[in-house]
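Chain and residue survey
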Amino acid sequence: MIHDETQDRDLREEQQALPPDAEAVLDKVPTTVLPPPPGNQWVAEAVKAVEASITKLTDEFRVQPFIHRVEHSLHVRLVQLLSEWEHLRGWYPIGGSGFKTQLIHKEWPETIPRKKKPELIIDRRRGSFDLVVLAPSQLEKATLEQFTAGRIDPPIVIELGLGYWDDHLDGDQEKLTNSRVQHPYLVHLSRIASAYQEATEGIIAGIEAPTQIVYVHHDLEHKKVHFRHLGSPDITQVKHSLT
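All of the points below concern the structure found in this document. (Residues numbered from 1 in each chain as written. Predicted model: local features only at pLDDT ≥ 70, side-chain atom pairs only at ≥ 80, totals over all residues. Heavy atoms only, no water.)

What to know about the packing of helix α3 (residues 41-63) against helix α4 (residues 71-83)
Between two packed helices, the angle of one axis relative to the other and the distance separating the axes together describe the packing. Relative to each other, α3 and α4 sit at 135°, their axes nearing to 9 Å. Viewed along their axes, α3 and α4 adopt a mutual orientation that is oblique. As α3 runs across α4, the sense of the crossing is right-handed. Together, Ala49, Val50, Ser53, Ile54, Lys56, Leu57 and Glu60 of α3 and Leu74, Arg77, Leu78, Leu81 and Leu82 of α4 make up the contact between the two elements. Taken together, the residues of the contact of α3 with α4 sort by class into 8 nonpolar, 1 polar and 3 charged. (Axes fitted to C-alpha atoms, helices over the stretch in contact; angles between N-to-C directions. Helix = DSSP H or I, 4+ residues; strand = E, 2+ residues; numbered from the N terminus. Parallel < 35°, antiparallel > 145°, perpendicular 65-115°, else oblique. Left-handed = near helix turned anticlockwise from the far one by under 90°. Contact = heavy atoms within 4.5 Å. Nonpolar A, V, L, I, M, F, W, Y, C, P; charged D, E, K, R; others polar.)

Topic: α4
If you check α4, its first and last C-alpha atoms are 19 Å apart, about what 13 residues at 1.5 Å a residue would give, namely 18 Å. By the burial criterion, the buried members of α4 are Glu71, Leu74, His75, Arg77, Leu78, Leu81 and Leu82. Along the axis of α4, the buried positions cluster into a sector of 165°, meaning they face one direction only. (Expected span 1.5 Å × (residues − 1). Buried < 20%, exposed > 50% of the residue type's maximum accessible area, 1.4 Å probe, protein only. Arc of directions from axis to C-beta.)

Quick look at the pattern of salt bridges
This model, assessed by the stated rule, comprises 7 salt bridges. Ionic pairing is found between glutamate 45 and lysine 48, a salt bridge with its closest N-O pair at 3.3 Å. With glutamate 45 and lysine 48 both in helix α3 and 3 residues apart, this pair spans about one turn of that helix. Judged by relative accessible area, glutamate 45 falls into the partly exposed class, the value being 30%. Since its relative accessible area comes to 51%, lysine 48 is described here as exposed. Between arginine 77 and glutamate 60 there is a salt bridge whose closest N-O contact spans 2.6 Å. Of the two residues, arginine 77 is situated in helix α4 and glutamate 60 in helix α3; the sequence distance between them amounts to 17 residues. In this structure arginine 77 comes out as buried when scored by relative accessible area, which is 15%. Relative accessible area serves as the criterion here: at 21%, glutamate 60 is assigned to the partly exposed category. (Salt bridge = Lys/Arg side-chain N within 4 Å of Asp/Glu carboxyl O.)

Digging into the environment of valine 79
With respect to the secondary-structure elements, valine 79 resides in helix α4. Taking relative accessible area as the criterion, valine 79 reaches 27% and is therefore assigned partly exposed. For the pair valine 79 and serine 53, spaced 26 residues apart in the sequence, the C-alpha separation amounts to 8.8 Å. Contact partners of valine 79, with chain neighbours within four places excluded, come to Ile104 and Leu131.

Looking at the packing of helix α7 (residues 166-178) against helix α8 (residues 197-206)
Direction vectors running N to C along α7 and α8 enclose 20°, while the axes themselves pass 8 Å from each other. Viewed along their axes, α7 and α8 adopt a mutual orientation that is roughly parallel. Contacts between α7 and α8 involve Asp166, Leu169 and Asp170 from the first element and Ala199, Thr200, Ile203 and Ile204 from the second. Tallied by class, residues from the contact of α7 with α8 come to 4 nonpolar, 1 polar and 2 charged.

Quick notes on unusual backbone geometry
Residue proline 210 is reached from alanine 209 by a cis peptide bond, and omega for that bond is 10°. One can find proline 210 in the loop between α8 and β7 (212-219). Phi is positive for lysine 223, close to 55°, though the residue is something other than glycine. Its place among the elements puts lysine 223 in the loop between β7 and β8 (224-228). Among the residues examined, lysine 223 registers a relative accessible area of 57% and is labelled exposed.

Laid out in C-alpha cells, this is it:
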C-alpha cells in the first residue's frame, strides 16, 4: 500500500526558508512588524476572500482530483484565486524605501522558529509558511530589511499539503500554533490509499480554533470522497462519480 505521494522535500529545503539576499540583513533586523490588532476591518475582509478562495480550490479538487499533478500547482492555483479579489490586489509601499510589493506571498519565514527535532543532526533554521497574506498597514511600517528577511508577522497563513498524512499534518499544525498565527488555515488533500487515514482524520477532529481546516480525501478504489468543509466539525463521506 502506498502511504504518500509527497514531492521532493528534503531536510535542505526545510531549512532554507530565506533567500540569499536576506542572509546579509538578518543582524540588522532585531524586531518584527506585528499584525494588526484583533478585530481589524481590513483583515476581516481579507479573511472572507481567503476562505472563499480555499473553498473554491477544494471544491475543484473534490470534483476533479487530478486537475493538478503536484502540490506546487495547487499553490499556484490558490494564489490565482486569491488574486481575483480586489481587496488583495495591488502593490503597496514598503515603508519609506520607495519600493512596493504585493500582499500575497509564498514561502514566508515562520514568525517563531520551532525547536530542533531529535532526528535532525544539525540545528533547524527558520522554516517557512506555504502562503501568507500581509496587511497594507504592516508594509507601511516595515523597513526594506524587515521585508527582505521576512520579519513581518502575517495575520493570515495557509498551509496546503497534497498526499501527506498524520505526521505532516501534525507538523503543519505545530508550525501555525508555535507562531501564534491570528488566522491560520490548513488545507489537507489526498487521492491515494493509506494506512494512516484513520490517524489523520483523528488529528483533524482534534484541531481547535483558531485553526481552520478543510480536508478532501479521494478513495479511488471504492469511488468515495471524504471531506470536511471550512467551519464544519464533521467529515462527510459520499460516492464519487465522473458522470
